[in-house]
Protein chains: 2
Amino acid sequence: MKARGLTQKDILAAAKTYTPTGGRDEYLAFSSGGQSGQVIVYGIPSMRILKYIGVFTPEPWQGYGFDDESKAVLAQGRVDGKDIVYGDTHHPAFSEANGDYDGRYLFINDKANPRIAVIDLHDFETKQIVVNPFYRSSQGGAFVTPNTEYVMEAAQYAAPYGDDFVPLEEFNEKYRGGVTYWKFDDKKGRIDPDQSFTFELPPYSQDLSDAGKGASMGWGFTNSFCSERYVGGKDRPPYEAGCSQKDTDFLHVTNWQKAAELVAAGKVKKVNGSYLITMDQAVKEGLLYLVPEPKSPHGVDVNPKGTHIIVSGKLDSHAWVYSWEKIQNAIKNQKFEGKDPYGIPIIALKDALHTQVQVGLGPLHTQYDSKECVVYTSVYVDSMVTKWDYCEGKVLDQINIHYNVGHLMTMEGDSVSPDGKYLVALNKLAIDRFNPVGPLHPQNHQLIDISGDKMQLLYDMPLPLGEPHYVVAIKADKLKPAVRYKSGWDSRADKKSPYKTRAGREKVVRECDDKGECTTHVYGTVIRSHITPEVIEVQEGDTVSIHLTNLERAQDETHGFAMYGQNVQLSIEPGKTASTTFKADKAGVYPFYCTEFCSALHLEMQGYLLVTPKGYVAKGGTLEEGQKYTEADYKKQVQTNVDTQAVIDSVVGFITSHNFKDFPVVVALVEDATEQLGFADEARKKSEDYAAKGDFQNATLWAGQWWQYQVKTADLGLRAKTHLEENGAKKVK
Amino acid sequence: MKARGLTQKDILAAAKTYTPTGGRDEYLAFSSGGQSGQVIVYGIPSMRILKYIGVFTPEPWQGYGFDDESKAVLAQGRVDGKDIVYGDTHHPAFSEANGDYDGRYLFINDKANPRIAVIDLHDFETKQIVVNPFYRSSQGGAFVTPNTEYVMEAAQYAAPYGDDFVPLEEFNEKYRGGVTYWKFDDKKGRIDPDQSFTFELPPYSQDLSDAGKGASMGWGFTNSFCSERYVGGKDRPPYEAGCSQKDTDFLHVTNWQKAAELVAAGKVKKVNGSYLITMDQAVKEGLLYLVPEPKSPHGVDVNPKGTHIIVSGKLDSHAWVYSWEKIQNAIKNQKFEGKDPYGIPIIALKDALHTQVQVGLGPLHTQYDSKECVVYTSVYVDSMVTKWDYCEGKVLDQINIHYNVGHLMTMEGDSVSPDGKYLVALNKLAIDRFNPVGPLHPQNHQLIDISGDKMQLLYDMPLPLGEPHYVVAIKADKLKPAVRYKSGWDSRADKKSPYKTRAGREKVVRECDDKGECTTHVYGTVIRSHITPEVIEVQEGDTVSIHLTNLERAQDETHGFAMYGQNVQLSIEPGKTASTTFKADKAGVYPFYCTEFCSALHLEMQGYLLVTPKGYVAKGGTLEEGQKYTEADYKKQVQTNVDTQAVIDSVVGFITSHNFKDFPVVVALVEDATEQLGFADEARKKSEDYAAKGDFQNATLWAGQWWQYQVKTADLGLRAKTHLEENGAKKVK
């Protein structure tokens, strides 16, 4: 403690966050990666980052955007037919059941190109991308309704709905905002664009949303900035001046439940192939209202019961609390203070407001505690978090953060039953918090203990890649991720792959069409430690389509597949079938190999793609092996194997003499080891057959392979034995 | 402690690793990202990841592979004219001076496509990529000679040197390995391919290298596997059997110093445009020798004094220690046990070996301690690290890891003066160590305290992206990273950008060539919180080239720049000029905005690219502002500004009444705040000029802009005030 200059308080914080080997975090946080286009998963309270999930940006470690299956997902996200190779992810949202996180899906938006992605929490993979049919940007997504009926996505910077050029002189008439309700098909686990609808909205820059719940179920709330409809450029003052001049912007209140009924009744027309509820129709049907809100707000947050809504504006030191009951009454009584230039009724502030509380300079986003009425608001300019009571309207506590907090997040803090416990401040600037790593700094997520009356800073976590915008955290035990796929699985389409292959059934098929265009399909497999086939020969000009199935069942036994010069990089987790297709446009020699260090002989998990020149005729030479083996070599290898088997037997003896069945990890290792030993036996038989025929070259080699399987068995057995020793296994006989 | 189920030992480990807010790590580790194609930077002992550096794979957060400047770096790495969009990074190496890390550069290889990248540790950016002119894969790079004279890169899977197809039947005659010595130009900070040379080597799969030092200065050591020259495929046993049949492979010993003299003397010929020392020439000149080494090794590690070399093979339970003195004597006395099939002299094992020590099943890689003779070897199959004495040849201690360690790393452990203290085990499997996140698991780097006699496990760190292969760690105070660039800097070319722009000099220039192809160049700037110009109009079919200079000087004030539909995403750190070039192939409206949350009005940092259709004639309407302002609005805004100035003055009063000059962070903030206040004054003058003319629309808007600068000033002032309060500043008057 002294050696490292730590205080008593630091040691307490260390004890509250340190997670020893094998320990589990209580919560998993899912963070947007900002313009990295990914989702970042980290544990709370250890603040260790567990995974970057590829969403809008290709990522080779995962094979995302490299294998054919995930390329198909990214292709769904094309804009104007163009591949988009990044995203600006902003707001992740969990799927919900009765307003509680159900741990099944995560949704996240791309601001730069208005898109929503669906991530399956069964395998932490991106399964779908949908492109908004109306917008040209979208900061305000994703937010889900209490039973994941819909995923909300609002426009940000107004633009014409069509593809045509419209001059800025026609901004007020032809530029539009909007809020889209994407229908989620719970059975398919996918968004259904055909059943989704959009509210046309004025060219105010719509921003974040939140879905009503409980008392306000069926409604949605979307805030906005720049309701001045200011346009910068040339010698005019910049947007930042023109967009912050009015004291208030507008909170948009939309009735999605009634809107869905209209859609179902066939009363809504399609524009750009998608349902669009025009402002006129929305006003006529009583689906759309405006309420003044503090200027330049970010974050609109409905309380767990759905009775209150909190909004704060970065240029007002107050957080404003709205009463849903008051808003409802105003709507019921048709009591409005007027209409905006587009004819949308405006509810007067006094007819909607519960209270305003001074929380600090630059309040931004509010999250709820498990304690009723208690909330936390991030305060950007003052670089602090304010804990306050929105029922009584009083400040309870404040804590400095480092520096300039954007969003904040409490555990399950936007569900109907927040957990309290921890808060994370998503600071936009780190400045001097960490060792310097050049002009581009990491972000700083600060973990704060909120279990007591006073907030306490526990931990500073640097974000090494991306600029997280918002994070959501779920109780870890709500997640049930898989460790393997069913054998031969296309994980992106979530079904058996047509290219799945079983051990011993590997094949190469060449197909040519009428025009003489040929495709060589390789149906292959990977397993510790070889790729089958190890040599692939194709003809120059062929399209090559290699489909590899990982035959492993063991946890964490992923294999990779990379090839020289072809941008081929697959990640093939246990059970998965992944494909890569490319044009063999140049004759030559292309080594390939496994990219995941999977076993002691991983480096030897290799092969060659041979692309023969057009019209090539093999010279018919035979493959001359660099090394020749004799009967003595064979006998020596067999002796090694017999000795190795004795080691294995002693390890097996240790395991079976202990209560290993009480240790699921060991049971899995034993299963895997048993399988490897089976393979060893197959190799042994081949070896003996060749020896019987007097072919000691092949006999020796197969005896070597037999030994390789023994080494893998020993590896597993030793791991199991150590696990039993470290975890106090008992002798059973 | 009890609440979280921690033991006394855990608390000690927590105290040894926990780093409170603002604390610094003692070492920075630079890890390969494996097939993610990046470099990962993390702190030791906190094990917090600070940065992913884009190297071979485009990464949008950094703008890497998105801005024109970094696209030019990636373009250097094209293979056969084809863009390669990932890499399989394996071995990072620091630049050295007299065998010690000097903290200037980091080198790393790509295995999949044999390339080496140069990263400048001044700004943690990739500056150069070179493509090996001979190989088709390269696991064994990068390793540097003691004064960074050369960067070593060995071939892995043998292939023909030329582009032609060569059948496997000619493997022994026409497939080749090799080891390349890339010349590093210290003045330019770049590799000089023209002065680099390669040793032609047999088609043994060369693997890792290490440069001699001290006693062995001028020599290089490269190991290999599959010296059986086995080829798998069809019904033959797999590579893993055929490549592990012999008891020994070959350590290659090369004399680079003498080779460099030959090159300088014009005695080496160029092949594929690069110097190639053929095996015949190398043997004739006495530059190349082989020594038997344990089969399937990985890692060859020269001790700090250069007197001993340790190699271990994953299929032999011993680590083998060679004596350089013995090897030298054998060479001097021309005492060989024979030649390999390619005529290379083989030094007998007994004439090279110092000792063999049984360290466990599957030993892989060895690193040195600060204590003489003490080393650590990773043991893959046994899942442990063995501490042993290579002088005496005895094991000192062993510790279990979780699971299956590949490389390991001690602090500055491959320099001439290792620091000891910590060891990191780079485990290839995590299995059950962390909360599950789907079939694809994170890697697990375990931090081990080696300061005492017994090794102690401190921390498990998950790697969330990529599969690190090897890591090097440097004392943090050897690094002097910059926080900003000189204004208008092209960071990739390391010189002033021809497109740099100063405040007020922004311009748009359209240039057309003889064929009528036109390019619109935008010379723009970014600063809190606006992009200049905010509206860009170009004609359909134009090439658009937008060059943005970040005018900020403040630490961590990066701005981003994203645009709809065009794959535009720039990261523009303070001082940097970054460019994006694309074809405006479709008329329409393309919003753009800042992607780094830079200030309270970040969302308003926006604009539009307008692409007018061919032949478009403006209708000549005027821009009608959504909001009109009166003299009353103007006066109200001015009053706000006066009130805000009072707040600023009080904060300034606080700061200047304390010893703020003793706090560098505060001095920087005050500089930044003073600059912002200067901007506020400029806006105030504009505002007053318009008011004098009775133009209250513009007067109000500029008064708003004046206020925006005040808000930024207040933000900085409050941050400074908090810093002084938290760090015990004293009142000075």
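The rules behind the values
Residue positions are given per chain, counted from 1 along the sequence in the order it is written. All chains are assigned letters beginning with A, and all ligands numbers beginning with 1, in the order in which they are written. Given that the model is predicted, a residue must reach a pLDDT of at least 70 before its local features are reported, and side-chain atom pairs must reach 80 or more before they are shown or counted; all residues, however, enter totals for whole chains, interfaces and linings. Hydrogens and water molecules were not included; the side-chain quantities draw on all heavy atoms of the structure. Centres within 6.5 Å make a pair out of two Phe, Tyr or Trp rings, where for Trp the six-membered ring is used; the pair is then stacked when the planes are under 30 degrees apart, edge-to-face when over 60, and tilted otherwise. A run of H or I in DSSP becomes a helix once it reaches four residues, and a run of E becomes a strand once it reaches two; helices and strands are each numbered from the N terminus. Each residue is assigned to one of three classes by its accessible area relative to the maximum for its type, calculated with a 1.4 Å probe on protein chains only: buried under 20%, partly exposed between the two thresholds, exposed over 50%. Counting rule for disulfides: a pair of cysteine sulfur atoms within 2.5 Å. Here, expected helix span is obtained from the residue count minus one, scaled by 1.5 Å. The contact rule is simple, with two residues in contact once any of their heavy atoms fall within 4.5 Å. Site definitions follow a grid-based scheme: protein atoms alone, a 1 Å grid, a 1.4 Å probe that fits but cannot get out for cavities, and for pockets an open set with protein on both sides within 12 Å along at least five of seven lines, plus lining residues having an atom within 4 Å of a point. Grid points are joined across faces, edges and corners, and a volume is the space filled by probe spheres set on the points. A residue's pLDDT is simply how confident the predictor is in it, with values from 0 to 100.

### Side note on the packing of aromatic side chains
Link 1 in the chain: Tallied over the full model, the rule gives 66 aromatic pairs over all chains.
Link 2 in the chain: Taking the centre distance of 5.3 Å and the plane angle of 85° together, the rings of Phe30(A) and Phe94(A) count as edge-to-face. One end of the pair, Phe30(A), is in strand β1 (residues 27-32); the other, Phe94(A), is in strand β4 (residues 93-97), and 64 residues separate them in sequence.
Link 3 in the chain: The class for Phe30(A) is buried, based on a relative accessible area of 0%.
Link 4 in the chain: Its relative accessible area of 1% is what places Phe94(A) among the buried residues.
Link 5 in the chain: Ring centres of Tyr616(A) and Phe165(B) lie 4.9 Å apart, and the angle between their planes is 80°; this geometry places the pair in the edge-to-face category. Here the residue Tyr616(A) occupies a position in the loop between β45 (606-612) and α8 (631-656), and Phe165(B) occupies one in the loop between β9 (150-154) and α3 (171-174), the pair thus bridging two chains.
Link 6 in the chain: Within the aromatic cluster, the residues linked to one another by ring pairs are Tyr150(A), Tyr181(A), Phe197(A), Phe199(A) and Trp256(A).

### Side note on the state of the cysteines
All names here are of chain A.
Link 1 in the chain: Under the counting rule described, the total for this entry stands at 6 disulfides over all chains.
Link 2 in the chain: Paired by a disulfide, Cys226 and Cys243 hold their sulfur atoms 2.2 Å apart. One quick way to see it: the torsion about the S-S bond of Cys226 and Cys243 is about -60°, and its sign makes the bridge left-handed. Placement of Cys226 in the loop between β14 (219-225) and α4 (239-242) and of Cys243 in the loop between α4 and β15 (248-255) is noted, with a sequence separation of 17 residues between them.

### Quick look at helix α8 (residues 631-656) of chain B
Residues and elements named next belong to chain B.
Link 1 in the chain: A rise of 1.5 Å per residue sets the reference length of α8, with its 26 residues, at 38 Å; its end C-alpha atoms lie 37 Å apart and thus fit the reference within 8%.
Link 2 in the chain: Listed in full, the buried residues belonging to α8 are Tyr634, Gln637, Val638, Asn641, Thr644, Ile648, Val651 and Ile655.
Link 3 in the chain: Lining the buried residues of α8 we find α9 (664-692) and α10 (696-726).

### A few points about empty space enclosed by the protein
Residues and elements named next belong to chain B.
Link 1 in the chain: Quantified by volume, the largest cavity comes out at close to 210 Å³.
Link 2 in the chain: Taken together, 25 residues form the lining of the largest cavity, with Glu96, Phe143, Val144, Asp210 and Asp414 sitting closest to its centre.
Link 3 in the chain: Residue assignment for the lining of the largest cavity shows that the elements contributing at least two residues are β4 (93-97), β8 (140-144), β12 (205-211), β18 (297-302) and β24 (363-368).
Link 4 in the chain: At 4 residues, the largest contribution of residues to the lining of the largest cavity is made by β12.

### So, the confidence of the model for chain A
Link 1 in the chain: When pLDDT is averaged along chain A, the result is 96; 100% of the residues meet or exceed 70.
Link 2 in the chain: Among the prediction metrics, the complex's ipTM stands at 0.97, with pTM recorded as 0.97.

### Section: the environment of Gln627(A)
Link 1 in the chain: On the secondary structure map, Gln627(A) appears in the loop between β45 and α8.
Link 2 in the chain: If we skip the residues at most four places from it in the chain, Gln627(A) touches Gln697(A), Glu228(B) and Lys246(B).

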